[in-house]
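Read off the chains here:
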Amino acid sequence: MPADTPILAESVMWQAIAETVDLFFPKGREERSGMKVVDLGCLEGGYTAEFARMGFDALGIEARADNFRNCNLVKENLGLPNLNFVQDDVRNMARYGPFDISLCYGLLYHLNDPVHFLKTVADSTKKLLLLNTHFAPEHDIRYYLGPVNRYFLAPIQKRTRFLEHQKNFRLSPITLHEGYRGRWYKEWNKHANKSKVEKILWASYNNNRSFWLCKKDLTKVLHNAGFKHVFEQFNFTGDLVPDHYTSRYNRTMFVALKA
Ligand SMILES: C[S@@+](CC[C@H](N)C(=O)[O-])C[C@H]1O[C@@H](n2cnc3c(N)ncnc32)[C@H](O)[C@@H]1O
């Protein structure tokens, strides 16, 4: 990594997570050693490793072979017995739970069944869910323009940022899916072969398009799934990215707690 890139452990993104965890969990390593954490779609296991360093029994779930290999490299080098990884679809998380804490960072907006998945998460989480995700804007006329947006406006805005107050993600018009409002996002061509999909290291895995829930709908899903308290955490990017990150990218951090 370039020398000026902060390492994850020192980043404001991780510190925001760690501070929230400290609010709701005892700080003693002994108490923590009996508690399980899952990191969903863990990429190279950075957050998983930090949870293990905090003393938790941490498991990262990652579908992609290349990422999973890197996770195991991290495990070998850190030598932490409470740090583990499995190569699996996150939809199978119940096989490994239940967990005291679930971290769902940059993953939900890569799924085509977010409502069903959040029910699985709620069933497998005993106390705390940290959910960092994009959501769909309720009003955005660009997304009613179909191919005109996809092939004409979006490429122009990408290059010039012309009138682009919010990033143009080329989403669909508002649609009902799994009983809630949101918009579809195309991840990759549905005819792409498996080896190509394997190499798109940050993308969805078993679905070629994802469904982004509207923010209000997302909070309803969380409540209905069994998280009694749903808060929004505002300092999750610190000053690493511009102030208007949440409104420009339609992305935020939810903190959801069981009763
Ligand atoms: C945008 S990256 C986010 C990585 C990491 N959580 C972070 O915030 O830095 C999405 C990750 O989820 C993984 N992923 C996507 N769909 C998945 C699925 N259905 N099951 C398991 N992992 C998945 C991808 O391979 C990738 O590592």
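Draft legend 1. The environment of E178, seen in detail. Within the secondary structure layout, E178 lies in the loop between β6 (175–177) and β7 (180–186). According to the relative accessible area criterion, E178 is partly exposed, its value standing at 28%. Sequence separation between E178 and W212 is 34 residues; the distance between their C-alpha atoms is 12 Å. With near-sequence residues (within four places) excluded, E178 lies in contact with N112, D113, P114, V115 and H116. A distance of 2.9 Å separates the side chain of E178 from the backbone nitrogen of V115, its partner in a polar contact.

Draft legend 2. View of the pairing of strand β8 (residues 209–213). Here β8 lies mainly inside the structure; four of its five residues are buried. Relative to β8, β7 runs antiparallel, the two being bridged by five bridges. Paired with Y185 across the bridge in β8 is S210.

Draft legend 3. Geometry of a nonpolar patch on the surface. There is a patch of nonpolar side chains on the surface, built from L145, V148 and F152 and spanning about 290 Å² of accessible area. The residue F152 is located in helix α6 (residues 147–160) in this model.

Draft legend 4. Structural detail: the sheet that holds strand β1 (residues 36–40). Spatially, seven strands are ordered β3-β2-β1-β4-β5-β10-β9 in an open sheet, and the strand pairing comes out mixed. Strands with a single pairing partner mark the edges of an open sheet, and in this sheet they are β3 (83–87) and β9 (229–233). For this sheet, the mean inter-axis angle between neighbouring strands, taken without regard to orientation, is 20°. In the sheet, strand β2 (residues 57–62) pairs with β3 via five bridges, with the strands oriented parallel. By the bridge assignment for β3, A58 is matched with L83.

Draft legend 5. Molecular detail of the site of the ligand. Every one of the 20 residues lining the ligand counts as a neighbour, but G41, E62, R64, V90 and Y105 are closest to it. Between the ligand and the protein, one listed contact pairs a nitrogen atom with a backbone N or O atom of A63 at 3.3 Å. Between the ligand and the protein, one listed contact pairs an oxygen atom with a side-chain N or O atom of N67 at 3.3 Å. For the ligand, whose accessible area on its own is 600 Å², the fraction buried by protein is 94%. The class makeup of the residues in the shell around the ligand is 11 nonpolar, four polar and five charged.

Draft legend 6. Spotlight on the sheet that holds β6. Strand order in the open sheet formed by three strands is β6-β7-β8, with antiparallel pairing between adjacent strands. Looking along the sheet, the strands with just one partner apiece sit at the ends: β6 and β8. Averaged over all neighbouring strand pairs, the angle between strand axes comes to 60°, with direction disregarded.

Draft legend 7. Main features of the packing of helix α1 (residues 12–24) against helix α3 (residues 46–53). The interhelical angle for the contact between α1 and α3, taken along N-to-C directions, is 40°, at an axis separation of 11 Å. Here α1 lies oblique to α3, going by the angle between them. For the crossing formed where α1 meets α3, the hand is right-handed. Between α1, through M13, W14, I17 and V21, and α3, the contact on the second element is made entirely by Y47, E50 and F51. For the contact of α1 with α3, the class distribution of residues is six nonpolar, no polar and one charged.

Draft legend 8. Structural view of the packing of helix α5 (residues 114–124) against helix α8 (residues 215–225). For the pair α5 and α8, interaxial distance at closest approach is 9 Å and the crossing angle is 40°. It follows from the interaxial angle that α5 and α8 lie oblique. Note that α5 runs across α8; the crossing there is right-handed. Across from V115, L118, K119 and A122 in α5, the residues of α8 making contact are L218, V221, L222 and A225. When the residues that make up the contact of α5 with α8 are grouped by side-chain class, the tally is seven nonpolar, no polar and one charged.

Rules used throughout
For every chain, the first residue of the written sequence is number 1, and numbering continues from 1 onward in sequence order. Under the rules for a predicted model, residues below a pLDDT of 70 receive no local features and side-chain atom pairs below 80 are neither given nor counted, while totals for whole chains, interfaces and linings still include all residues. Side-chain figures throughout are based on the complete set of non-hydrogen atoms in the structure, without hydrogens or water. For the purposes of this entry, the term helix denotes a DSSP run of H or I that reaches at least four residues, the term strand denotes a run of E that reaches at least two, and both are numbered from the N terminus. Here the term buried applies to any residue with accessible area under 20% of the maximum for its type, exposed to any over 50%, and partly exposed to those in between, with areas from a 1.4 Å probe on protein chains only. It only takes one pair of heavy atoms within 4.5 Å for two residues to be counted as in contact. Contacts described as polar in this section are N or O atom pairs within 3.5 Å, which, within protein, must combine one atom able to donate a hydrogen with one able to accept it, while residues neighboring in sequence count only if both atoms come from side chains. Only when DSSP finds a minimum of two bridges between them are two strands counted as paired. Only residues whose relative accessible area exceeds 30% and that form no salt bridge are eligible for patches; like-charged ones are grouped when within 9 Å, while nonpolar side chains (Val, Leu, Ile, Met, Phe, Trp, Tyr) are grouped when within 5 Å. The accessible surface values rely on the Shrake-Rupley method and a 1.4 Å probe; as for residues, cover is taken only from the protein chains in view. For this document, the term salt bridge refers to a Lys or Arg side-chain nitrogen within 4 Å of an Asp or Glu carboxyl oxygen. Lines fitted to C-alpha atoms define the axes here, with helix axes fitted over just the stretch in contact, and angles between the N-to-C directions of these axes take values from 0 to 180 degrees. Proximity is defined per residue: if any heavy atom of the residue lies within 4 Å of a molecule or strand, that residue is considered near it. Ten residue types, Ala, Val, Leu, Ile, Met, Phe, Trp, Tyr, Cys and Pro, are classed as nonpolar, four, Asp, Glu, Lys and Arg, as charged, and the remainder, Gly among them, as polar. Orientation labels follow simple angle bins: below 35 degrees gives roughly parallel, above 145 gives roughly antiparallel, 65 to 115 gives roughly perpendicular, and whatever is left gives oblique. In a left-handed crossing the near helix is turned counterclockwise from the far helix by less than a right angle, and in a right-handed crossing that turn is clockwise.

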